[in-house]
Amino acid sequence: MTGWLVTGAGGRLARELTALLPTDTTTALTREELDLTDARAVDDALAELRPSVVANCASWTDVDGAEEHEDAALDVNGLAVSRLAAGCARTGARLLHVSTDYVFSGLDAEGLPYDEDAVPDPRTAYGRGKLAGERGVLTALPDNGVVVRTAWLYGAHGRSFVSTMAARALSDATVKVVTDQYGQPTWTRDVAERLLVLGSGPARPGIHHATASGSTSRYELAREIYRLLGRDPALVSPVRGADLGCAAVRPAWSVLGHRRWALEGMSPLPEWRGALREALPAVTASPAFGSALCAS
Ligand SMILES: NC(=O)c1ccc[n+]([C@@H]2O[C@H](COP(=O)([O-])OP(=O)(O)OC[C@H]3O[C@@H](n4cnc5c(N)ncnc54)[C@H](OP(=O)(O)O)[C@@H]3O)[C@@H](O)[C@H]2O)c1
């Protein structure tokens, strides 16, 4: 057994991860090349490739769409992940499964980060499906299954809150941004680097929180993006989340704790503000950013 299999390889995080992996021992398969809900195809891929590590970056990520299509979202994020985990158990592969802050209610406003062991309590169809996937991994792979929760991703690939705000900033556009959602803006590169660590060396089974250190509101994040791009943060005006009318409730408090890294002798991911400063040139240079600029 050798090498990595990356699923959902067309996605934002998967592309960042694949770029860090050695090309000769990595197989990165897009949804067209490997549909995670196709049980036979998944079994065949594991049997043929015999990867030592599977990084599951495939996911239904349309949070609002999952409210209307909960069964379809659960198929990808829950049932298919459980089958993938069972397949990894049979072939001996380590599974790194990417999950989300949406497994928590986001209602805990005491200002304490959610511990890795905090009891999940998802309030959205997306969160329920992702929790089912987590449980499938932890049950099938108690010694070789790694759940990596992340949140508020942005990076060089694809659209994100950060790329949208950066496009608005560079157009000197005004924007209304919610003040009552707190989280950890997280650079996909930092998560990808952590996946690399978790896929190498001794197994570190269980739940890890791969989010940036520190926390902020979406409003303050948008203002910071304007500031870093040399634009006037006063163009960002505050609004409350309830006024936006999204189908799925956004967690108000999405701050994850990083106790597990310390137990393993590792520092948590870098602080969000420094990572954002370093990442912004890559965000604004990406082809997806060009389309965000046109759409803004
Ligand atoms: N983005 C965030 O802010 C965020 C926050 C918290 C957690 N996460 C988690 O991080 C992970 C990666 O997210 P991302 O932002 O990179 O998502 P993404 O850009 O939406 O990538 C997900 C990929 O999965 C593919 N996919 C969907 N259904 C599939 C299926 N049945 N079989 C195989 N592939 C399938 C998608 O293909 P199509 O494009 O063809 O549908 C897409 O390429 C996910 O597990 C997500 O839950 C993301």
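Before reading further, recall that the structure is shown in the block above.
What you are looking at is a predicted structure, and each value in this text was computed from that prediction instead of being measured.

> I keep staring at helix α6 (residues 161-170) and nothing clicks. Help me out?
Residues spaced three or four apart along an α-helix point in a common direction, a consequence of the helix completing one turn every 3.6 residues. Within the sequence span of α6, burial applies to V162, S163, M165, A166, A167 and A169. Just downstream of α6 lies D172, where phi reads positive at about 50°.

> What am I meant to see in the nonpolar core here?
Grouped burial of nonpolar side chains is what soluble globular proteins tend to show. Core analysis: the biggest nonpolar cluster contains 26 residues, and Y154, V162, I225 and L276 have the highest contact counts within it. Contributing elements (two or more residues each) for this core: α6, β7 (175-178), α8 (218-228) and α10 (272-285). Ranked by the residues each element gives to this core, the list is headed by α10, at six residues. Counting residues in hydrophobic clusters, the runner-up holds 21 residues, among them L21, V146, V148 and A192.

> Would you explain the sheet that holds strand β1 (residues 4-7) in this entry?
Remark on secondary structure: sheet strands pair via backbone hydrogen bonds, oriented parallel or antiparallel. The sheet built from six strands is open, its strands ordered β2-β1-β3-β4-β5-β10 with parallel pairing. Each edge of the open sheet is held by one strand with a lone partner, namely β2 (26-29) and β10 (206-209). With strand direction ignored, the average angle separating the axes of adjacent strands in the sheet is 20°.

> Would you mind going over the packing of α6 against α10 with me for this structure?
Two measures define how a pair of helices packs: the angle their axes make with one another and the distance between the axes. Across the interface, α6 lies against α10 with an axial gap of 11 Å and an inter-helix angle of 75°. On the basis of the axis angle, α6 is roughly perpendicular to α10. Residues V162, S163, A166 and L170 of α6 form the contact with α10, whose own contacting residues are L276, L280, V283 and T284. The residue makeup of the contact of α6 with α10, split by class, is six nonpolar, two polar and no charged.

> Is there a simple way to explain the packing of helix α2 (residues 39-49) against helix α4 (residues 70-91) in this structure?
Here α2 crosses α4 at 25°, and the two axes come no closer than 10 Å. Considering their axes alone, α2 and α4 lie roughly parallel with respect to each other. Considering the relative orientation of α2 and α4, their crossing is right-handed. Listed contacts from α4 to A39, V42, D43 and L46 of α2 are R83, L84, G87, C88, R90 and T91.

> Would you take a moment to explain the side chain of S213 for this structure?
With respect to the helices and strands, the residue S213 is situated in the loop between β10 and β11 (216-217). Exposure remark for S213: the relative accessible area of 15% places this residue in the buried category. At 2.5 Å, the side chain of S213 forms a polar contact with the backbone oxygen of L269. When near neighbours in sequence (up to four residues on either side) are disregarded, S213 contacts H258, P268, L269, P270, E271 and W272.

> How do you make sense of the site of the ligand when you look at a structure like this?
Of all residues adjacent to the ligand, which total 25 residues, the nearest are L13, R31, T61, Y126 and K130. One nitrogen or oxygen atom from the main chain of L13 is found 2.8 Å from an oxygen atom belonging to the ligand. The contact in question runs from an oxygen atom of the ligand to an N or O atom on the backbone of S59, over 3.1 Å. Here the ligand has 900 Å² of accessible area as a free molecule, and 83% of this is covered by the chains. Looking at the shell around the ligand, the element that brings in the most residues is strand β4 (residues 94-100), giving three residues. For the shell around the ligand, the per-class residue count stands at 11 nonpolar, nine polar and five charged.

> It is not clear to me how the packing of aromatic side chains should be interpreted in this structure. Could you clarify?
The relative placement of two aromatic rings is captured by the distance of their centres and the angle of their planes. Applying the stated rule across the entire model yields three aromatic pairs. Relative to Y126, the ring of Y102 has its centre 5.3 Å away and its plane inclined at 75°; by these criteria the two rings are edge-to-face. On the criterion of sequence distance, the pair formed by Y102 in the loop between β4 and α5 (125-140) and Y126 in helix α5 is long-range, its members being 24 residues apart. Y126 shares its class with Y102; the two are buried.

About the thresholds
- Residues numbered from 1 in each chain as written.
- Predicted model: local features only at pLDDT ≥ 70, side-chain atom pairs only at ≥ 80, totals over all residues.
- Heavy atoms only, no water.
- Buried < 20%, exposed > 50% of the residue type's maximum accessible area, 1.4 Å probe, protein only.
- Helix = DSSP H or I, 4+ residues; strand = E, 2+ residues; numbered from the N terminus.
- Core = buried A, V, L, I, M, F, W, Y, C linked by side-chain atoms within 4.5 Å.
- Pairing = 2+ DSSP bridges.
- Axes fitted to C-alpha atoms, helices over the stretch in contact; angles between N-to-C directions.
- Parallel < 35°, antiparallel > 145°, perpendicular 65-115°, else oblique.
- Contact = heavy atoms within 4.5 Å.
- Nonpolar A, V, L, I, M, F, W, Y, C, P; charged D, E, K, R; others polar.
- Left-handed = near helix turned anticlockwise from the far one by under 90°.
- Polar contact = N/O pair within 3.5 Å; in protein donor to acceptor, adjacent residues only side chain to side chain.
- Near = heavy atom within 4 Å.
- Areas by Shrake-Rupley, 256 points an atom, 1.4 Å probe, with all protein chains shown as cover.
- Phe/Tyr/Trp six-rings, centres within 6.5 Å; stacked < 30°, edge-to-face > 60°.

Function cannot be inferred from these measures alone, as they are strictly geometric.
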